[in-house]
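Observations on the three-dimensional arrangement
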Amino acid sequence: YITKINGIELDNTKEPDIDTSKLETDTTADYNHRKDPVEVENGNIVTYTLRIYNEGMMAGYASKVKDDVPDGLEFLPDNEINQEYRWVLSEDGTSIETDYLSREQEQTEGGNLIKAFDPELGITDTNPDYRDLKIAFRVKDPNSNTYIITNHAQISEDTDENGEPVDDIDSTPDEWNEGEDDQDIEKVKVQYFDLSLRKWVTQAIVNKNGEETIIDTGHKAEDDPEDIVAVDLKDSEIATTTVKFRYSIRVTNEGNIAGYAKEVKDYIPEGLIFVAEDNPLWTQLEDGTIVTTQTENTLLEPGESTEVEVILTWDKEAQNFGVMDNWAEISKDDNDFDSPDIDSTPDNNVHGEDDIDDAPVMLTVALGDAKLYIGIAALVVIALGGGVFIIKKYVI
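Cut-offs and rules
- Residues numbered from 1 in each chain as written.
- Predicted model: local features only at pLDDT ≥ 70, side-chain atom pairs only at ≥ 80, totals over all residues.
- Heavy atoms only, no water.
- Core = buried A, V, L, I, M, F, W, Y, C linked by side-chain atoms within 4.5 Å.
- Buried < 20%, exposed > 50% of the residue type's maximum accessible area, 1.4 Å probe, protein only.
- Contact = heavy atoms within 4.5 Å.
- Pairing = 2+ DSSP bridges.
- Helix = DSSP H or I, 4+ residues; strand = E, 2+ residues; numbered from the N terminus.
- Polar contact = N/O pair within 3.5 Å; in protein donor to acceptor, adjacent residues only side chain to side chain.
- Axes fitted to C-alpha atoms, helices over the stretch in contact; angles between N-to-C directions.

Here the focus is the nonpolar core. Grouped together as the largest cluster of nonpolar side chains are 34 residues, with contacts concentrated most on Phe245 and Tyr247. Here Tyr247 is in contact with Lys199, Trp200, Val201, Thr202, Leu272, Val308, Glu309, Val310, Leu312, Asn326, Ala359 and Val361, once residues within four sequence places are set aside. Grouped together as the second largest cluster of nonpolar side chains are 27 residues, Ile52, Leu101, Ile114 and Ala153 included.

Shown next as structure tokens:
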């Protein structure tokens, strides 16, 4: 059972409560102790206690005890606890074993001997008699969806009071057989850090000859994929028309460690430009990207979200038409445990990770003098980048 995290005793002990009444008719007592996983963070040092009881009528030694090294826990050979208790890592690195409680390692005669159980005494501090071992593991960064780590321990060799091999009445040492009482498990639940980002277009803002029209897209963060927002312009009115797009960016804490999105970055595509006056809380970098620290002091508890906005302007001088795909990403994050995001790397511009998302827009031109109307939305299906997308077209 786990006794300490980073050297601090657990508030709620998991020490077993023993009921030996069954020993009158059975060979195994009841050990009532909680098996709910203990919550830990990446990098925590977890100290386990292994308690070996003697339920039999013969004294003996737990000459060797074995513990597995599950994925997600790192054995620390130089740790003081592990050195004190003589834990040795196996050649394949999957288990550790100690002879600390053997007859050969006792400092005084009988010091490691676990006395026979005396049913007439009932339960006392020394009846049934026991000996303890301790192990320290470091929690490693979880890189899978398995956040419950189960650690197995068992007696791998036992001897009588003379140090000679002896048969356990109801267990086979060094074999994991379900139901035997010379083995037990303990679990930890790894708390993980995971921020995600969603981006979507909320408005198309069209200013034609000084008259502004704002079109709400109706898009939501949950749209996946979202419709492409397209604005159709008359060829004859391009020179007197300005088109802007308002984007919302939402950061959500999908993990179970509170943390911060210290910086959000936006990758401006060709065809759109950044106008500082429209975005006083954003800064343009030398490489053309823009960043904001609006959320740097917003602590996101698990499940919480925060949003920012950015406005980008169509670069009509360059006569850019077609699809312009704008991406935003969490570029800096932080939490009190220095845990890296479990499934994303900030500021790496890798599409497919959940801390980056895009929102496509499109500018098209209508040639000739056909009669067109403001605010008419048409849905057009196109193939783009190997996928099928819907264009939500606004005819101006």
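An order of 2-1-6-11-8 is seen for the five strands of this open sheet, with the pairing classed as antiparallel. Edge positions in the sheet fall to strand 2 (8–9) and strand 8 (73–75), since each has one partner strand and no second. Where strand 6 (residues 45–53) lies against strand 11 (residues 130–139), nine bridges are found, and the strand directions are antiparallel. Residue Leu50 lies in a different strand from strand 11, and its bridge partner there is Leu133.

Once that is clear, we can look at the side chain of Asn82. Mapping Asn82 onto the fold places it in helix 1 (residues 80–84). Within polar-contact distance, the side chain of Asn82 engages the backbone oxygen of Leu76 at 2.7 Å. A distance of 2.9 Å separates a polar atom in the side chain of Asn82 from the backbone nitrogen of Ala136. If we ignore the near neighbours within four places in the chain, the residues touching Asn82 are Phe75, Leu76, Trp87, Ile135 and Ala136.

The five strands lie next to each other as 15-14-17-22-19, forming an open sheet whose pairing is antiparallel. Both edges of this open sheet fall to strand 15 (211–216) and strand 19 (272–274), since each of them pairs with a single strand only. If you compare each strand with its neighbour and ignore which way they point, the axes differ by 35° on average. Across nine bridges, the pairing between strand 17 (residues 241–253) and strand 22 (residues 305–314) is antiparallel. When the bridges of strand 22 are listed, Arg250 appears paired with Glu307.

Here we come to unusual backbone geometry. With an omega of 5°, the peptide bond between Asn127 and Pro128 qualifies as cis. As for its position among the elements, Pro128 is in the loop between strand 10 (95–98) and strand 11. Positive phi outside glycine occurs at Asn6, with the angle close to 55°. Its location among the elements puts Asn6 in the loop between strand 1 (2–5) and strand 2. Asn6 gets classed as partly exposed once you look at its relative accessible area, which sits at 44%.

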